[in-house]
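Breakdown of the fold
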Amino acid sequence: MEKELRLMKGNEAIAEAAIRAGADGYFGYPITPQSEILEYLMEANPSRTTGMVVLQAESEIAAINMVYGGAACGKKVMTSSSSPGISLKQEGITYIAGAELPCLIVNVVRGGPGLGTIQPAQSDYFQATKGGGHGDYHLIVLAPASVQEMADFVDLSFELAFKYRNPVMILSDGAIGQMMEKVWLAPQKERSKTYPEWATTGKPPERERNIITSLDLDPYAQEQFNKKLVAKYNEIREKEVRYEEFQCDDAEYLFVAYGTSARVCQKSVQLARAQGIKAGLLRPITLFPYPSVRIGSLAEKVRIILSVEMSAGQMVEDVMLSVNGKVPVFHFGRMGGIVTTPDEVVDYLKSKIIGG
Amino acid sequence: MAKIRGSIVVNIDRCKGCEVCTVNCPTGTIAMAKEVNHKGYFYAFPANPDLCIGCANCAMVCPDGVITVYKTKI
Amino acid sequence: MAEVTGIKEIIKPENLAYKRTRIMTDNVLSYCPGCGHGTTHRILAEVIDEEGLQSEAIGVSPVGCSVLLYHYIDIDWQEAAHGRAPAVATGIKRLLPDKFVFTYQGDGDLAAIGTAETIHTCNRGENILIIFINNGIYGMTGGQMAPTTLPGMRSSTSPYGRDVKVMGNPLKITDIIATLPGTYYVTRQSVHTPANVRKTKKAMLKAARYQKLNKGTCFIEIVSNCPSGWKMTPVQSNKWMEENMLKYYPLGDLKVPPEETVQNANNPEKK
């Protein structure tokens, strides 16, 4: 089967990509600005084609726990929500991380805190990359910057989730979720007919019973498990860093931005260069693992690094850790659901150059 | 008329001495020992084995499943 | 293994009348002496064994005293977050509809923190079995007031007795569940006497068969004791339960399916 070209919203692209990736189940609850994912799946009704289960749960909490149940059966399952809903899911997410279950969680971020706004924001970076729930854990976090990546990252997420037995989050935002772009959709994959050996599928006589749990009352055993997780996260840090560079080769001023902000900064690079300012952009694609090593080496060559995010400054902390004091690091970005404009970024950069 | 005779085996290591079996024994077969098991529980035992009718009441209410029951017609 | 035996001549394999099922593992139960959890576990394991469900069963254990249930019954298990077992079971059953899926939950888990999951799972008629242990107290955390704690009943968080004006009334959640069209069989049982054990086992057998027939949610409440939490001996606690708990939570079926379905279930072609 060929790839197929369609004009779609980012949210729709995720939904269609999930069907095509051979996902076994989706459990969700409506919340703006991501309800199209659930709506699209309900309309597409993949139970009749691929056999994929789509269920509207009574809450985000129930949805993530349905994901837990399905994932523990070795199935490709996912949920999606937006910021307030993702906060509700955190209990389930930490249990999933603690039980080492593969799954996909999509966060189409809106402004907060609290009920906040329904407009796009990037203010869930800490929550997504530093754990989010209680206990020492990490999600693998992918940050799409286009509708195409919304689609492509679904299959990639499942691949990484099963490879590492770890939950994966697609950290998008209301802008990418809602905007329409052309998207090449991958051909339909068949749903897997095999199960990982750890899955709870009913215990045949020839094997020991499988137990999916995040509980260990013995602190020494729990510490061993924590060490195992740390080793896994370190392996992920080593092998799965993804990023993209835009005009970094001769850059003196480096923007670091992901998702919607990265699209804005591409234009900012062009505007700055038109004014004789050699700007470049590093776009982290994985937010965990973070491209720290690359940013650290770019810090040897540039004068200033500017982290551009639609937040009060969250990713900038990771940039600072990566740079480790080599060059000044600043943050710029709008909040409250306002998308930063390319001009604003250039103006801020200029103020730092002139001011600095 | 055939008479039903029973006999029980109590795994005293696992008995927690809750006594629920003794109050559910219709014949007074089972009672609590005067000595304790290795965990310090007074364990249940067939104090009057001749009275046992093998009804399995004791085993059925035993939370820890420590009683095995045998029964035969004589 | 140290054991004491009755009349040795009767102890022969052919005379075996009752033995702990092999589906129970050798792990020593973590429960206090006389706790109804152990009895209920054994009944459940017997049903799994006798119905040939070991290779199909996926259990969901709760948070509470029975959190370690997966150590005791030799089947595949998932351990759910507090109150979320019905949602977890929904995920399992939707993706593996041919498996025998059940949850095992206490009163705090099912009727307080997990009320929404319980009600909505039953309302969707998820084809699972929910086993609900109601002993009117939070046992594992040390005897706090539960949603099902009786009026006036003392606990560590109702030390002067449950004042319903301040603390709310005991929740008869099983009565609510029985009103939902998604449920097929709803019953309230106990395990403190041999007769009640037999009835509970029969209820679980029925529920297992109904699940095979895709009938909807089966819900079995088991009114049970908590000798430690109630600060009584096990025998006293069973007596207190009969005199107090069973008055508020009377035993019996709350929703009975048409009987012929049971007969049909008895004659399916054996796998």
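Below, the structure is looked at part by part.

Conventions and cut-offs
- Residues numbered from 1 in each chain as written.
- Chains lettered and ligands numbered in written order.
- Predicted model: local features only at pLDDT ≥ 70, side-chain atom pairs only at ≥ 80, totals over all residues.
- Heavy atoms only, no water.
- Pairing = 2+ DSSP bridges.
- Helix = DSSP H or I, 4+ residues; strand = E, 2+ residues; numbered from the N terminus.
- Axes fitted to C-alpha atoms, helices over the stretch in contact; angles between N-to-C directions.
- Buried < 20%, exposed > 50% of the residue type's maximum accessible area, 1.4 Å probe, protein only.
- Polar contact = N/O pair within 3.5 Å; in protein donor to acceptor, adjacent residues only side chain to side chain.
- Contact = heavy atoms within 4.5 Å.
- Parallel < 35°, antiparallel > 145°, perpendicular 65-115°, else oblique.
- Left-handed = near helix turned anticlockwise from the far one by under 90°.
- Core = buried A, V, L, I, M, F, W, Y, C linked by side-chain atoms within 4.5 Å.
- Domains from an automatic or database assignment.
- Buried area = accessible area lost by both parts, 1.4 Å probe.
- Salt bridge = Lys/Arg side-chain N within 4 Å of Asp/Glu carboxyl O.
- Nonpolar A, V, L, I, M, F, W, Y, C, P; charged D, E, K, R; others polar.

Topic: the sheet that holds strand S1 (residues 3-5) of chain C
Spatially, four strands are ordered S1(C)-S1(B)-S4(B)-S2(C) in an open sheet, and the strand pairing comes out antiparallel. Of all strands in the sheet, those with a lone pairing partner are S1 and strand S2 (16-18) of chain C, marking the two edges. Sheet twist, expressed as the mean angle between neighbouring strand axes with direction ignored, is 25 degrees.

Topic: the side chain of Ser268 of chain A
Residue and element names in this part refer to chain A. You can see Ser268 is positioned in helix H9 (residues 259-274). The exposure class of Ser268 is buried, given its relative accessible area of 0%. In terms of polar contacts, Ser268 uses its side chain to reach the backbone carbonyl oxygen of Pro342, at 3.1 Å. Dropping the residues within four chain positions of it, Ser268 is found in contact with Phe255, Pro342, Val345 and Val346.

Here we look at the packing of helix H3 (residues 60-72) of chain A against helix H2 (residues 85-95) of chain C
Running from N to C, H3 of chain A and H2 of chain C point in directions that differ by 50 degrees, and their axes come no closer than 6 Å. Between H3 of chain A and H2 of chain C, the angle falls in the class oblique. Crossing hand, H3 of chain A versus H2 of chain C: right-handed. Contacts between H3 of chain A and H2 of chain C involve Ala62, Asn65, Met66, Tyr68, Gly69 and Gly70 of chain A from the first element and Ala87, Val88, Thr90, Gly91, Ile92 and Leu95 of chain C from the second.

Some points on the environment of Phe27 of chain A
Residue position: Phe27 of chain A is located in strand S2 (residues 25-28). Residues Phe27 of chain A and Cys73 of chain A, spaced 46 residues apart in sequence, show a C-alpha to C-alpha distance of 15 Å. Apart from the residues lying within four places of it in its own chain, the contact partners of Phe27 of chain A are Val53, Leu55, Ala63, Met66, Val67, Val77, Met78, Thr79 and Ser80 of chain A together with Gly91 and Leu95 of chain C.

Here we look at the nonpolar core
One finds Phe27, Leu101, Val154, Val256, Ile305 and Val319 of chain A to be the most contacted residues of the largest nonpolar core, which totals 120 residues. A domain split of this core shows at least three residues from each of domain 1 (4-189 + 227-239) and domain 2 (243-355) of chain A. When residues no more than four places from it in sequence are discounted, the contact partners of Val256 of chain A are Leu281, Leu282, Pro284, Tyr290, Ile295, Ile305, Leu306, Ser307, Val308, Met315 and Val319 of chain A. Membership of the second largest hydrophobic core comes to 64 residues, among which are Ile8 and Met32 of chain B together with Leu53 and Phe100 of chain C.

A short note on the interface of chain C and chain A
With 36 residues of chain C in contact, the opposing surface of chain A contributes 35 residues. Taking both partners together, chain C and chain A bury about 2700 Å²; carbon and sulfur atoms supply 61% of that area. For the pair chain C and chain A, the interface holds five salt bridges. One salt bridge in this structure joins Asp74 of chain C and Arg209 of chain A, with 3.6 Å as the shortest N-O distance. Breaking the side of chain C that touches chain A down by element, the ones donating at least two residues are strand S3 (57-61), strand S4 (76-79), H2 and helix H4 (115-124) of chain C. Of all the elements, H2 of chain C adds the most residues to the side of chain C that touches chain A, at seven residues. Among the residues forming the side of chain C that touches chain A, the class breakdown is 16 nonpolar, 10 polar and 10 charged.

Section: unusual backbone geometry
In this structure, Pro113 of chain A follows Gly112 of chain A across a cis peptide bond, with omega equal to 0 degrees. Mapped onto the fold, Pro113 of chain A is located in the loop between strand S5 (103-109) and helix H5 (125-129). A cis geometry characterises the amide bond from Phe288 of chain A onward to Pro289 of chain A, with omega recorded as 0 degrees. Looking at the element boundaries, Pro289 of chain A is found in the loop between strand S13 (286-288) and helix H10 (292-298). The backbone phi angle of Glu19 of chain B is positive, close to 75 degrees, even though this residue is not glycine. Within the secondary structure layout, Glu19 of chain B lies in the loop between strand S1 (4-11) and helix H1 (20-24). When its relative accessible area of 37% is taken as the criterion, Glu19 of chain B is described as partly exposed. The phi dihedral of Ala56 of chain B is positive, around 75 degrees, even though this residue is not glycine.

Details of the side chain of Thr121 of chain C
Residue and element names in this part refer to chain C. Relative to the assigned elements, Thr121 resides in helix H4. Given a relative accessible area of 0%, Thr121 falls into the buried group. Among the polar contacts listed, one links the side chain of Thr121 to the backbone oxygen of Glu117, at a separation of 2.6 Å. Those residues in contact with Thr121 that sit more than four places away from it in its chain are Pro86, Ala87, Thr90, Glu126, Ile128 and Thr217.

A short note on the pattern of salt bridges
Residue and element names in this part refer to chain A. Counted by the stated rule, this structure contains 39 salt bridges over all chains. Glu240 serves as the salt-bridge partner of Arg242, at 2.9 Å between the closest nitrogen and oxygen. Judged by relative accessible area, Glu240 falls into the buried class, the value being 5%. For Arg334, the salt bridge identified is with Glu344, shortest N-O distance 2.6 Å. Of the two residues, Arg334 sits in the loop between strand S15 (329-332) and helix H12 (342-355) while Glu344 sits in helix H12, which places them 10 residues apart along the sequence. Relative accessible area serves as the criterion here: at 22%, Glu344 is assigned to the partly exposed category. Salt bridges sharing partners connect three or more residues here, namely Glu4, Arg6, Glu16 and Arg20.

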